[in-house]
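Inside the fold
Residues per chain, in single letters:
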Amino acid sequence: MLHGGHLLSVLIFFPAVGALALLLLRGDDHKFIRIIALIVSLAEFIFSLLMVRSVRIGTTGYHLEEFLKWINQPPINYHLGVDGISLFLVILTTFLTPISILASWKSIERRVKEFFVMLLMLEVGVVGVFLSLDLFLFFVFWEVMLIPMALLIGIWGHERRVYAAVKFILYTMAGSIFMLIGIIWLYNATGVATNWTAATFDLPTIQLMLQNGSIALSSRSEMLLFLAFFVAFAIKVPLFPLHTWLPDAHVEAPTAGSVMLAGVLLKMGTYGMIRFCLPLFPEASRRAASWVAVLAIIGIIYGALVAMVQPNLKKLVAYSSVSHLGFVVLGIFAFHNISMQGAVYQMLAHGISTGALFLLVGMLYDRRHTFEISEYGGLATPMPKLAAFFLFVALSSLGLPMLNGFVGEYLVLLGTYQRHWGWASWAALGVILSACYLLWSYQRVFFGEITREKNRALPDASAREKWILVTMAVVTLWMGIGSTFITTRTAAASQNVIDQVEPQRPYEAAAPNVITPGRIPPEAKPDSRSTSPKIMTTERLGLR
């Protein structure tokens, strides 16, 4: 056990304890089941906020580390840690879980206990993915996440729920196979390098061995390993053309499933690119960057164009995720600190704004039981409060200044422009197109004449729905205004990743006598299970 205590373990397994408590309750005591699930998720969110004080501004390395031997042969360890990149992704997960529980308070009426058990177990898997520093442990949590998400879609989804659930499983498992091959390959490489005396799955140890030359990979081997990990993460993002499972999963999933899927599950793919692809395979990342950027730009434009012609409101929001997450991938592979910070910020902003859009679409579905845009029209008259919240969230999603969507996309485009102005120019089309499909869909749903008599008497937002939407709106506004609270804590970790890919960028040169994070001299051999924090200058971090 390192100096971190047990906070990270509590964050991972506390929802599992809550799920076990729910299993002990009677299945027909729906009110008590919902209350217990909400209390557990709120307590989990409060616990996650305790991590903020441990990730100091300007420091790199992992914090609150926990290390225990789990399996002796092969050596698999229970190794956890958090840094500036994973910190807010964990908080996003713990924030959206109680929101999803509240959103499902009345819409889920069958198998209520099992539904909330699956939601809490989904939280276990996702938090475990973001905190794992052992490759095999990461893979275990990656697979743990798959089961409850597939069940949420397949049991509590809509008409084609089984088809969507099976498609989700097949795509994700296909990517998982590639990633497992890459993990085993890396493990064997560490064994060969140490004559099998110190073969390991430990991520910091493998990074150190790659950096100091203990593991020598040929260009071909590095590229194959990069592709093994990248394909798994690209499917999860999803990156064009591996995106076809996403619209079906979103449309058929219940509202809570869509919120968690868009809010955090898709971020596991982009997080994996930052945590594994770039630091472990820097040369392959540089060689593949232009091709990845092309796919990301195609995804940005394609997703926006397809969203524009969608007759289904939920599928429109689903394709908007393909477009927005293209910005994240582009920011990652631009290899600039500003674009990397923008990518991390866009992950968080997308989780809030698109999660809120799915919440609003779910509220409309609860009233009309349809996602077809043609079935709506003129809803601003019977439900003005819901219409106002929908407009606010749509404006945040399209990148209106002062709201959260603007910060991430602006930083991505700014950092990308400094490296490749052509990439940024094409990607900027996505900002224009997002305004087109979001505002046009809003006009068709909420303005104009009421053409369906059922719509005249639709109830406005209830007190529970107002609490949900106000909470999301406050976070959206706070992220747009107080963005530096997040960027100052992600900057050092972002720069650390960039240094491992391109350690000698002239515009991000280290100050004299400062050890560049991620470039460990061969003679320095720190404990592989502990990464000491390093203070970095604001000029180096791209902060002003």
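Use the structure listed above.
A brief structural summary. Remember, it's a predicted structure, so these values are computed and weren't measured experimentally.

Here we come to the overall build of the protein. A count of helical and extended segments in the protein gives 19 helices and two strands. Taken over C-alpha atoms, the radius of gyration comes to 23 Å for the protein, in line with the 24 Å a tight globule of 544 residues would show. Dimensions along the principal axes, computed over C-alpha positions, put the protein at roughly 75 × 55 × 40 Å. Every one of the 544 residues in the protein was classed for burial, and the buried ones make up 62%. Pairs at least 24 residues apart make up 81% of the contacts formed inside the protein by residues separated by at least 6 positions. Here the protein has roughly 20,100 Å² of accessible surface; of this, 66% comes from carbon and sulfur atoms. Here the protein holds 39 positive side-chain charges and 31 negative ones, and the gap between their average locations is 2 Å.

Below, the discussion takes up the side chain of Gln310. By the secondary structure assignment, Gln310 is in the loop between helix H12 (282–308) and helix H13 (313–333). Look past the residues within four positions of Gln310 in its chain and what remains in contact with it is Lys315, Leu316, Tyr319, Ile373 and Arg444.

Burial analysis of helix H10 (residues 255–265) places eleven of its eleven residues in the buried class, which makes it a mostly covered element. Those residues of H10 not exposed but buried are Thr255, Ala256, Gly257, Ser258, Val259, Met260, Leu261, Ala262, Gly263, Val264 and Leu265.

On to the pairing of strand E1 (residues 63–71), then. In terms of strand pairing, E1 meets strand E2 (residues 76–82) through six bridges, oriented antiparallel. Residue pairing across strands places His63 opposite Val82, the latter belonging to E2. Here E1 hands over to E2 after four residues, the two strands then running antiparallel side by side.

Once that is clear, we can look at helix H3 (residues 84–103). Its 20 residues place the ends of H3 29 Å apart at the C-alpha level, agreeing with the 28 Å of an ideal helix rising 1.5 Å per residue. In terms of burial, H3 is largely enclosed, as 19 of its 20 residues are buried.

All right, on to the packing of helix H15 (residues 384–397) against helix H18 (residues 463–481) then. In contact at an axis separation of 11 Å, H15 and H18 are set at 30° when each is read in the N-to-C sense. One element, H15, and the other, H18, form an angle in the roughly parallel class. Once H15 is placed against H18, the crossing between them reads as left-handed. Counting all contacts with H15, which are made through Lys385, Leu386, Phe389, Phe392 and Ser396, the residues of H18 involved are Lys466, Leu469, Val470, Ala473, Thr476 and Leu477. Considering only residue class, the contact of H15 with H18 consists of seven nonpolar, two polar and two charged.

The next point concerns unusual backbone geometry. In this structure, Pro74 follows Gln73 across a cis peptide bond, with omega equal to -5°. By the secondary structure assignment, Pro74 is in the loop between E1 and E2. Between Phe240 and Pro241 the backbone carries a cis peptide bond, its omega angle lying at 5°. Unlike most non-glycine residues, Arg111 shows phi in positive territory, near 50°. Relative to the elements of secondary structure, Arg111 occurs in the loop between H3 and helix H4 (112–131). Unusually for a residue other than glycine, Phe335 sits at a positive phi of about 55°. By relative accessible area, Phe335 is classed as buried at 3%.

The next subject is the environment of Phe281. Mapped onto the elements of the fold, Phe281 is located in the loop between helix H11 (267–280) and H12. Once residues within four sequence positions are removed from consideration, Phe281 is found in contact with Leu186, Glu222, Leu225, Phe226, Phe229 and Phe276.

What follows is about the packing of aromatic side chains. For the coordinates displayed, the defined rule picks out 31 aromatic pairs. Ring geometry for Tyr187 and Phe201: centres 4.4 Å apart, planes at 10°, overall stacked. Of this pair, Tyr187 sits in helix H6 (residues 161–193) while Phe201 sits in the loop between H6 and helix H7 (203–211), placing them 14 residues apart in sequence. Of the two residues, Tyr187 and Phe201, neither departs from the other in class, the shared state being buried. The interplanar angle of 15° and the centroid separation of 5.4 Å between the aromatic rings of Phe226 and Phe230 together place this pair among those described as stacked. In this pair, Phe226 and Phe230 both sit in helix H8 (residues 219–236), four residues apart, roughly one turn of the helix. Accessibility expressed as a relative area gives 8% for Phe230, which makes it buried. The structure contains a cluster of three or more aromatic residues connected by ring pairs, namely Phe138, Trp142, Phe229, Phe233, Phe276 and Phe281. A cation sits over an aromatic face here: Arg444 above Trp440, 3.8 Å from the ring centre.

The rules behind each value
- Residues numbered from 1 in each chain as written.
- Predicted model: local features only at pLDDT ≥ 70, side-chain atom pairs only at ≥ 80, totals over all residues.
- Heavy atoms only, no water.
- Helix = DSSP H or I, 4+ residues; strand = E, 2+ residues; numbered from the N terminus.
- Rg over C-alpha atoms; globule rule 2.2 N^0.38 Å.
- Buried < 20%, exposed > 50% of the residue type's maximum accessible area, 1.4 Å probe, protein only.
- Contact = heavy atoms within 4.5 Å.
- Areas by Shrake-Rupley, 256 points an atom, 1.4 Å probe, with all protein chains shown as cover.
- Lys, Arg positive; Asp, Glu negative; His and termini not counted.
- Charge placed at Lys NZ, Arg CZ, Asp CG, Glu CD.
- Pairing = 2+ DSSP bridges.
- Expected span 1.5 Å × (residues − 1).
- Axes fitted to C-alpha atoms, helices over the stretch in contact; angles between N-to-C directions.
- Parallel < 35°, antiparallel > 145°, perpendicular 65-115°, else oblique.
- Left-handed = near helix turned anticlockwise from the far one by under 90°.
- Nonpolar A, V, L, I, M, F, W, Y, C, P; charged D, E, K, R; others polar.
- Phe/Tyr/Trp six-rings, centres within 6.5 Å; stacked < 30°, edge-to-face > 60°.
- Lys NZ or Arg CZ within 6 Å of the ring centre and 35° of its normal.

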